[in-house]
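So you can see what is in the structure, the chains are spelled out below.
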Amino acid sequence: AVSCAWRAWIGFSSLQCALRVGKDGAMQAQDVTRRVIFYVPGFDPFPLRRYRELYRAEAQRQAALAGYQISQLPPDPALGADWVVDSVFEGHRTFAAFVVLGWSDLVKQAMSAGILRTYLALFQTLWIYIYSRAFFDLVQMRKGPVIAALYPVVMLLGQLFIALFTAWLVSLNFSNFWLSVLFVSFVFIAVLRGFKALDRIFFAYYLMQDFAFSAQLRGAYPASLQQRIAAFNARIENALKENWDEILVVGHSSGAHIAISALAQIERSAALDEAQANVGFLSLGQVIPVVAFLPNAGQLRRDLYDISRSTSIYWVDITAPGDGCSFSLCDPVAVSALPLAGQTGPLVLSAAFSQALSRTRWRRLRWRFFKLHFQYLCAFDETRHYDYFAITAGPMSLRKRFCNRKPSKQVQKIAYNRYREIA
């Protein structure tokens, strides 16, 4: 009954001509009353409810800070929405349906690898990045995310050394060779298992499988992920036929390049020709070069090329220098050495964590790299640079909100990628 009443209200309010008065005094027309958001998470094994609860909690916090209203409603099976949002921004009401395009089952499958398979993946991934020289190209461009990528390597090798050293100390107490082998093997395996059990603290196995998943085919998508991207593509394409003012695709972390590949299939089809809705793409904390710089990533480079020239899809890429896990302020098209002639996107902007967070929060989060990587989905103390909830629940489309913004001055556009072939 609540859902039906809300739809009736939306039908009525969509007939109204609304004007939005910005904080800078500029008058801008409300162009979104109904929006659907397709959220593509990164390499994350957590269930859907994690994102739903994160949005609920952070939206309320941001609304209290920024002075607007956001109410989160239950899932709507009729819309295929995992949750819906009723919001009021400066007197203008907006309805938003959130759909999580999940691939956590593939992540869980990758993370189910045992100790031996994880160490094999470690050496294989190191070999791929060093032999292909992608590692050295990435280091030249941004050292922060490469150091973050080396963290699980150093941590796992450190755990291996501790296990070997402990086993060696145990071996000194035995004179019998076979008894020594038995106890040394037991201690060695026990120490490694102990570290794996504590990975919720160290995140070494988790991060190692993240990089190994992207590198396993030297940048090419595994068949399972190809099938999932095709399903994402079909779901977004269906929304083009529905009654929405805006279709907004949000890709976070490694979900950004997955979203790009899903959108590129739509861009190459005729589906966008008859679409009435604004189509926007928001990439947050992207790590696109980690894959695009590998030799077999021709499909991703082709998808990047096509999306960057789209006039139908408006692309905004937001990162922050404070996020050490992303390639901050790097134009993923330019640094991937793709031709720039005819490029329409992305608009590369900074979320400016150090300016948008209070001093107390910034000091608390400064060295919590994993937490900072998810800050794009959370509330900020100052929203002048970036407001995730205004973008996803507010009365303005992504295109209208950012059409007058200039790219950040520190945007990196040097072509570092040595692999330039596209599929």
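Overview of the structure.

Calculation rules
Note on numbering: residues in each chain are counted from 1, in written sequence order. pLDDT decides what is reported in this predicted model: residues at 70 or higher carry local features, side-chain atom pairs at 80 or more are listed and counted, and totals for whole chains, interfaces and linings draw on all residues regardless. Side-chain numbers here rest on the full set of heavy atoms in the structure, without hydrogens or water. Aromatic rings from Phe, Tyr and Trp, with only the six-membered ring used for Trp, were paired whenever their centres fell within 6.5 Å, and each pair was classed as stacked if the ring planes differed by under 30 degrees, edge-to-face if by over 60, and tilted otherwise. Helix and strand definitions here come from DSSP, where helices need a minimum of 4 consecutive H or I residues and strands a minimum of 2 consecutive E residues; each element is numbered from the N-terminal end. Relative accessibility thresholds used throughout: buried, under 20% of the residue-type maximum; exposed, over 50%; partly exposed, between the two (1.4 Å probe, protein chains only). A pairing counts as a salt bridge when a side-chain nitrogen of Lys or Arg comes within 4 Å of a carboxyl oxygen of Asp or Glu. Whether two strands pair depends on DSSP finding at least two bridges between them. All axes are obtained by fitting lines to C-alpha atoms, using only the stretch in contact for helices, and the reported angles, taken between N-to-C directions, cover 0 to 180 degrees. Residue contacts are counted whenever heavy atoms from the two residues lie within 4.5 Å of one another. Handedness is read with the strands pointing away from the viewer; a crossover is right-handed when the path from the first strand over the helix to the second is clockwise.

All told, the structure shown has 29 aromatic pairs when counted by the stated rule. Pairing Phe43 with Phe213 gives two aromatic rings, centres 5.7 Å apart and planes at 50°, and the pair type is tilted. Taken together, the residues Phe43 in the loop between β3 (34-40) and α2 (48-66) and Phe213 in helix α9 (residues 204-215) connect sequence positions 170 residues apart. Accessibility expressed as a relative area gives 3% for Phe43, which makes it buried. A relative accessible area of 12% places Phe213 in the buried class. With centroids separated by 5.0 Å and ring planes inclined at 65°, the aromatic side chains of Tyr55 and Phe389 adopt a geometry described as edge-to-face.

Assignment of secondary structure puts Arg363 in helix α16 (residues 359-365). Measuring from C-alpha to C-alpha, the distance between Arg363 and Asn173 comes to 48 Å, with 190 residues separating the pair along the chain.

Let us now look at the pattern of salt bridges. Counted by the stated rule, this structure contains 13 salt bridges. Among the salt bridges present, the one from Arg268 reaches Asp303, with a minimum N-O distance of 3.0 Å. With Arg268 in helix α11 (residues 255-268) and Asp303 in helix α13 (residues 298-307), this pair connects stretches of sequence that are 35 residues apart. On the basis of relative accessibility, which here comes to 0%, the residue Asp303 falls in the buried class. Residue Arg268 is joined to Asp306 by a salt bridge in which the shortest nitrogen-to-oxygen separation is 2.7 Å.

Time to look at the sheet that holds strand β10 (residues 347-350). Taking strand neighbours across the sheet as the criterion, the 8 strands line up as β4-β5-β6-β3-β7-β8-β9-β10 in an open arrangement whose pairing is mixed. The open sheet has two free edges, formed respectively by β4 (69-73) and β10, since each of these has just one partner strand. Along the sheet, successive strands turn relative to each other by an average axial angle of 20°, direction set aside. Sheet analysis places β4 next to strand β5 (residues 83-89), joined by 5 bridges and oriented antiparallel. Bridge pairing in β5 links Ile70 to Ser87. The sheet contacts of helix α10 (residues 223-239) involve β3, β6 (92-100) and β7 (246-252), and relative to β3 the element is tilted by about 175°. Sheet contacts for α11: β3, β7, β8 (278-284) and β9 (313-319); angle to β7, the most-contacted strand, approximately 145°.

Here β8 lies mainly inside the structure; 6 of its 7 residues are buried. As paired elements, β7 and β8 share 7 bridges and run parallel to each other. Looking at the pairing, Glu246 lines up with Asn278 of β8. Each parallel crossover has a hand, and for β7 linked through α11 to β8 it is right-handed.

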